[in-house]
Amino acid sequence: MTEALVLKPKDYKSRVTPIWCPGCGHHAVLNALTKAMVALGKNKDETVMVSGIGCSSRLPAYIDSYGFHGVHGRGLAVAQGLKVARPDLTVVAMGGDGDGFSIGGNHFLHACRRNIDLTYIAMDNEVYGMTKGQASPTTPMDWDHSKLTPHGPGLRPFKPAAIALSAGAPWIARGYSGNPNQMAKLISEAMEFPGFSFIHVLSQCITYCPEQTDWKQVVHETEAEVVTDMAQAATLFLAEDGMQTGLLFRQQRPCWPPPAQAPQHNAIAVLAKSLRA
Amino acid sequence: MSESLRAFLAHALEMETEAGERYQELAEAMGLHNNPEVAEFFSTMAAEASVHIALVKQHADGQTLPILKAWEFDWPDVEAPESTSYESTHYRMTKRQAMQLALANEKAAEQYYRQLARETIDDQTQNLAAQFAEEERQHAAGLERALRQLSIEPTHHRQDDDDPHVPE
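All values reported here derive from a predicted model rather than from experimental measurement.

1. Side note on the overall build of chain A
Right, on to step 1. In terms of helices and strands, chain A carries 9 helices and 10 strands.
Right, on to step 2. Against the 2.2 N^0.38 benchmark of 19 Å for 277 residues, chain A shows a C-alpha radius of gyration of 20 Å, consistent with a compact globule.
Right, on to step 3. Projected onto its principal axes, the C-alpha coordinates of chain A cover approximately 75 × 40 × 35 Å.
Right, on to step 4. Expressed as a percentage of the 277 residues in chain A, the buried residues total 51%.
Right, on to step 5. Considering only contacts within chain A whose residues lie at least 6 apart along the sequence, 68% involve residues at least 24 apart.

Below is the structure:
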């Protein structure tokens, strides 16, 4: 028996009832996150959930840990600041496709580049759900369900994994809300990875994109070994259908900030030494 | 108690717990989304699952069951057989649709237990799996009876005064 599994997933849920629509994929992400916390035996007092704005960004309220429901697109900015100030904490940032790739797009790029040791879960339903269904950066170009884009947005959707790779993210995975147990495993591995770990979750919006229930038929688990070479990963992410799940890329590289400098290199220590001399 | 039986009980406990918690989540979500009839049905299913959980715990009493991570359980599909998949629900679903989902869950659980009973070489596991399969069969039969007695209702989702889709 391992200590890590003493608590149950339910113990990590707060007493706040999720207001997500029944059928929303975000319920599965909450389920997976609590299962991952059970598996790792996470201490609630040392874990922080940080989010931006949107349906998915409500998630921190539903976890019985510390949390910060931030400003639109700024979940990653808050999460990075927190991790740098308190490296002892486990920090998980989360949000939706609009929050992460549009309003917070720049923070996403630089979070990938900085490689601060935290996990970012992007729940991608290809739509702004909270504002009643407008096209987001990942919406298919012919999606015509919104009054704002009656003939579809007409723009090529973002490829979040490819963008994360090119910006420098060292750990990239994809999960699917229809497979919460696999997602739990991915979140668990992400939280253990020493560096910025990005999980792109295909999380269906039953209300504004009911056609996403078809994802179950097209999502497929990757059978290949995890790619560790950037050039190979670039080829993979540009050519793939965006529906393969699993750990897709991993490459160890130094985290930011670097370890604190030794006292002899510290300016104050150097000054003190010179004064003593 | 054999290793096989301990592993079986660990799986049964996880399956029943997950089923019950999922029904409870759905009951709460349906309640919040103004579908009280379906909320009440899922709430009843959650209560029934708690009876199953108590039964499994009774069989496991005093035994140390293997403790597995969520992804280490050996299920025939991606989730435990009795769990309602998140993507199969909708806030406008009817009670009939909810009952059909629950019926499919009960049948999947029965099938799971029956297959285990067929495949195991451990007598204790075989007997208990067969017993659990029979209980699931009875629950499924009860749901089928209830479905037959249910008044006719439209098969499509209920009307919504605030339809989310507003195409031109």
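2. Quick notes on unusual backbone geometry
Right, on to step 1. A cis amide bond links Trp256 of chain A to the next residue, Pro257 of chain A, at an omega of -5°.
Right, on to step 2. Despite not being glycine, Lys132 of chain A shows a phi value in the positive range, around 75°.
Right, on to step 3. When you line up the elements, Lys132 of chain A lands in the loop between β5 (127-128) and β6 (134-135).
Right, on to step 4. Of the residues examined, Lys132 of chain A has 15 C-beta atoms within 10 Å and is grouped as partly exposed.
Right, on to step 5. Positive phi values are uncommon outside glycine, yet Asn34 of chain B reaches one of about 60°.
Right, on to step 6. Here Asn34 of chain B is to be found in the loop between α1 (3-32) and α2 (36-60).
Right, on to step 7. Residue class for Asn34 of chain B comes out exposed when judged on the 11 C-beta atoms lying within 10 Å of it.

3. Regarding the sheet that holds strand β4 (residues 119-124) of chain A
All names here are of chain A.
Right, on to step 1. The sheet built from 8 strands is open, its strands ordered β2-β1-β3-β4-β8-β7-β10-β9 with mixed pairing. Edge strands, defined here as strands with exactly one partner in the open sheet, are β2 (66-69) and β9 (220-221).
Right, on to step 2. Of the pairings in the sheet, the one linking β4 to strand β8 (residues 197-202) comprises 6 bridges and is parallel in character. If you follow Tyr120 over to β8, its bridge partner there is Phe198.
Right, on to step 3. Across the sheet, helix α2 (residues 75-85) lies against β1 (47-51), β2, β3 (90-96) and β4, angled at about 175° from β3, the strand it touches most.
Right, on to step 4. Across the face of the sheet, helix α5 (residues 160-167) comes into contact with β4, β7 (171-176), β8 and β10 (244-250) while running at roughly 165° to β7.

4. A closer look at the nonpolar core
Right, on to step 1. Membership of the largest hydrophobic core comes to 65 residues, with the highest contact counts inside it found for Val29, Ile121, Ile172 and Ile187 of chain A.
Right, on to step 2. Beyond its immediate stretch of four places on either side in the chain, Ile187 of chain A contacts Ala32, Leu33, Ala36, Ile121 and Ile199 of chain A.
Right, on to step 3. Residues Tyr128 and Tyr208 of chain A together with Met93 and Ala102 of chain B belong to the second largest nonpolar core, which totals 46 residues.

5. As for the interface of chain B and chain A
Right, on to step 1. Between chain B and chain A, the contact holds 26 residues from the first and 36 residues from the second.
Right, on to step 2. Among the residues making up the side of chain B that touches chain A, the classes are represented as 13 nonpolar, 6 polar and 7 charged.

6. Thoughts on the packing of α1 of chain B against helix α4 (residues 123-149) of chain B
All names here are of chain B.
Right, on to step 1. Put simply, α1 and α4 touch, their axes get as near as 8 Å, and they point 25° apart. By the angle between their directions, the pair α1 and α4 is classed as roughly parallel. Considering only the axes of α1 and α4, their crossing is right-handed. Touching Ser4, Leu5, Phe8 and Ala12 of α1 are Gln124, Thr125, Leu128, Ala129 and Phe132, all from α4.
Right, on to step 2. Broken down by class, the residue content of the contact of α1 with α4 amounts to 6 nonpolar, 3 polar and no charged.

7. Thoughts on the environment of Pro258 of chain A
Right, on to step 1. If you trace the backbone, Pro258 of chain A turns up in the loop between β10 and α9 (267-276).
Right, on to step 2. A C-alpha to C-alpha distance of 9.7 Å links Pro258 of chain A and Ile116 of chain A, two positions 142 residues apart in sequence.

8. Some thoughts on the pairing of β3 of chain A
Residue and element names in this part refer to chain A.
Right, on to step 1. With 6 of 7 residues buried, β3 is to be regarded as a mostly interior element.
Right, on to step 2. Sheet topology note: the β1/β3 ladder contains 5 bridges and is parallel. The partner of Met49 across the bridge, within β3, is Val92.
Right, on to step 3. In this sheet, β4 lies alongside β3 in parallel orientation, the contact comprising 5 bridges. Pairing of Gly95 across the sheet is with Ala122, part of β4.

Scoring rules and cut-offs
- Residues numbered from 1 in each chain as written.
- Chains lettered and ligands numbered in written order.
- Predicted model: local features only at pLDDT ≥ 70, side-chain atom pairs only at ≥ 80, totals over all residues.
- Helix = DSSP H or I, 4+ residues; strand = E, 2+ residues; numbered from the N terminus.
- Rg over C-alpha atoms; globule rule 2.2 N^0.38 Å.
- Buried ≥ 20, exposed ≤ 12 C-beta atoms within 10 Å, placed from the backbone.
- Contact = placed C-beta atoms within 7 Å.
- Pairing = 2+ DSSP bridges.
- Axes fitted to C-alpha atoms, helices over the stretch in contact; angles between N-to-C directions.
- Core = buried A, V, L, I, M, F, W, Y, C linked by C-beta atoms within 7 Å.
- Nonpolar A, V, L, I, M, F, W, Y, C, P; charged D, E, K, R; others polar.
- Parallel < 35°, antiparallel > 145°, perpendicular 65-115°, else oblique.
- Left-handed = near helix turned anticlockwise from the far one by under 90°.

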